[in-house]
Amino acid sequence: MQNNKMKKEKIFISAYACEPNEGSEIGVGWNWVLQISKNFEVWALTRRSNQQNIEKWMKSQDVKPDIHFVYYDLTRALTFWKKGLRGVRLYYNLWQIFSNKLVKKTMIENDIKMYHLLTYGNVLWRASRYGMKQFFIWGPVGGVDIIPRKFSSYYGIKFQIREMVRRFIIKTLPINHGFRKKCKNANIILCKTDATINAIHPKYQNKARLFTDCAVDEKTIKEPFDVKNEKVRYLTAGRLDAWRNFDILIESFKKSYEENPNIELVIVGEGKDSDRMKKLIHIREMDEHIRMTGQLEMSDYFKEMESSNVVINPAYKESGVTMSFDALSMSKPFIGINTGGYTHVFEDGSAELIQYNEREKLIDELTKAIMKLSDQSVREEMSRKAYSVALRNTWNTKGEEICRLIEDAYKQTQE
């Protein structure tokens, strides 16, 4: 690692989602910025709505990280329609457009040559026009994974239409000007999945690296331990959107329950697909065996995970990654679909990873995995292996990897 007494290179990070003591994308943005600040002098652009919590956290630190926060929000006239996550895509893209002058001003005044577009990591979303013309680190990015029609045909009509539009947009990526421009301008493209790398034109794939955006907080790692519950408790969490495959998990759990009634499932989260999930649970007569908690505070979410025996991420494409790493930090036995992204950190025996397949085959494979982990001895062995994997995938380790990658690539441009 770089000696702190040496002059650090400067870097500007666009981190729309960046706040301490939060999960999901927000927590990822925060941890990335902290790690990069160990080797670089950082200017981090984020939402003004994050300012209060960031400043409170900074004041509480005896040793302040080397970060200069820059805050920007759109005017009320441009955002009267936004509420919570509704409209976040439009807001984010407008935020990138209108903050460009601030990015340019900050980088020029402070002689910053490196620009890192960190969050949100979607290949289709905007970046600063000025930032892209500098030494440009893009990602980790994803957003190219699609849900096959054989899966989306089970969704409500609105979700079916959305997936149909998404398939068209992804299919036309090769002629998408914004995507091609970012690929061309980027010096490093950090990709969440193999599918993202494959979506990049072969001319620019030499810039691409498979790079998961999450890691484990080493302070939260728990030693292997199987919770003693009356029934084996399985847990899943995330926004209840159709494409996250909670319906497939419910179908699999019903089949598993018929073989072993000594199991129960907890679903943490809320979303537009929650009514369909409740209806499906009722139709399958699983109301007493599948519990939906709704949205929980982070502390309550962690309590639910701590009390579970197994964590499941049923998403067919890259999603629920922070939940999966939370499970890893607690050394929980884990079941997931192999997305070609974050799942590469789970080594043999540390998780049950199911390969892409037809819907009915996927239900069967997920059922087998649930049944396999109803065995305590299997869970205990997997928990021990998950613990070892967690120790090797901490934020400190990832931070070193991130900084080394940026430093090496930047040095090559200076030679």
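Calculation notes
Residues numbered from 1 in each chain as written. Predicted model: local features only at pLDDT ≥ 70, side-chain atom pairs only at ≥ 80, totals over all residues. Heavy atoms only, no water. Buried < 20%, exposed > 50% of the residue type's maximum accessible area, 1.4 Å probe, protein only. Helix = DSSP H or I, 4+ residues; strand = E, 2+ residues; numbered from the N terminus. Pairing = 2+ DSSP bridges. Right-handed = clockwise from strand over helix to strand, strands pointing away. Expected span 1.5 Å × (residues − 1). Arc of directions from axis to C-beta. Contact = heavy atoms within 4.5 Å. Axes fitted to C-alpha atoms, helices over the stretch in contact; angles between N-to-C directions. Core = buried A, V, L, I, M, F, W, Y, C linked by side-chain atoms within 4.5 Å.

**Points about the pairing of strand E3 (residues 67-71)**
Then comes step 1: Across the five residues that make up E3, a large majority, four, are buried.
Then comes step 2: In the sheet, strand E2 (residues 40-46) pairs with E3 via five bridges, with the strands oriented parallel. Along E3, the bridge assignment pairs Trp-43 with His-68.
Then comes step 3: With helix H2 (residues 51-59) bridging E2 and its parallel neighbour E3, the resulting β-α-β unit is right-handed.

**Section: helix H15 (residues 376-391)**
Then comes step 1: Here H15 spans 23 Å end to end across 16 residues, near enough to the 22 Å set by a 1.5 Å rise per residue.
Then comes step 2: Buried within H15 are the following residues: Arg-379, Met-382, Ser-383, Ala-386, Val-389 and Ala-390. Along the axis of H15, the buried residues cluster in a sector spanning 120°; they form a single face.
Then comes step 3: Contacts from the buried residues of H15 go to strand E8 (232-237), strand E11 (310-313), helix H13 (321-329), strand E12 (334-337) and strand E13 (352-354).

**Thoughts on the sheet that holds strand E10 (residues 290-294)**
Then comes step 1: The strand order E10-E9-E8-E11-E12-E13 describes an open sheet built from six strands, whose pairing is parallel. Pairing within the sheet leaves two strands with one partner each, and these edge strands are E10 and E13. Each neighbouring strand pair of the sheet contributes to a mean axis angle of 20°, computed without reference to strand direction.
Then comes step 2: Relative to strand E9 (residues 263-268), E8 runs parallel, the two being bridged by six bridges. By the bridge assignment for E9, Val-232 is matched with Ile-263.

**Side note on the nonpolar core**
Then comes step 1: Grouped together as the largest cluster of nonpolar side chains are 57 residues, with contacts concentrated most on Ile-11, Trp-32, Val-33, Ile-36, Val-42 and Phe-69.
Then comes step 2: Beyond its immediate chain neighbours, meaning those up to four positions away, Trp-32 contacts His-116, Leu-118, Gly-139, Pro-140, Leu-190, Phe-211, Thr-212, Asp-213, Trp-395, Lys-398 and Ile-402.
Then comes step 3: Residues Tyr-72, Met-132, Val-141 and Ile-200 belong to the second largest nonpolar core, which totals 39 residues.

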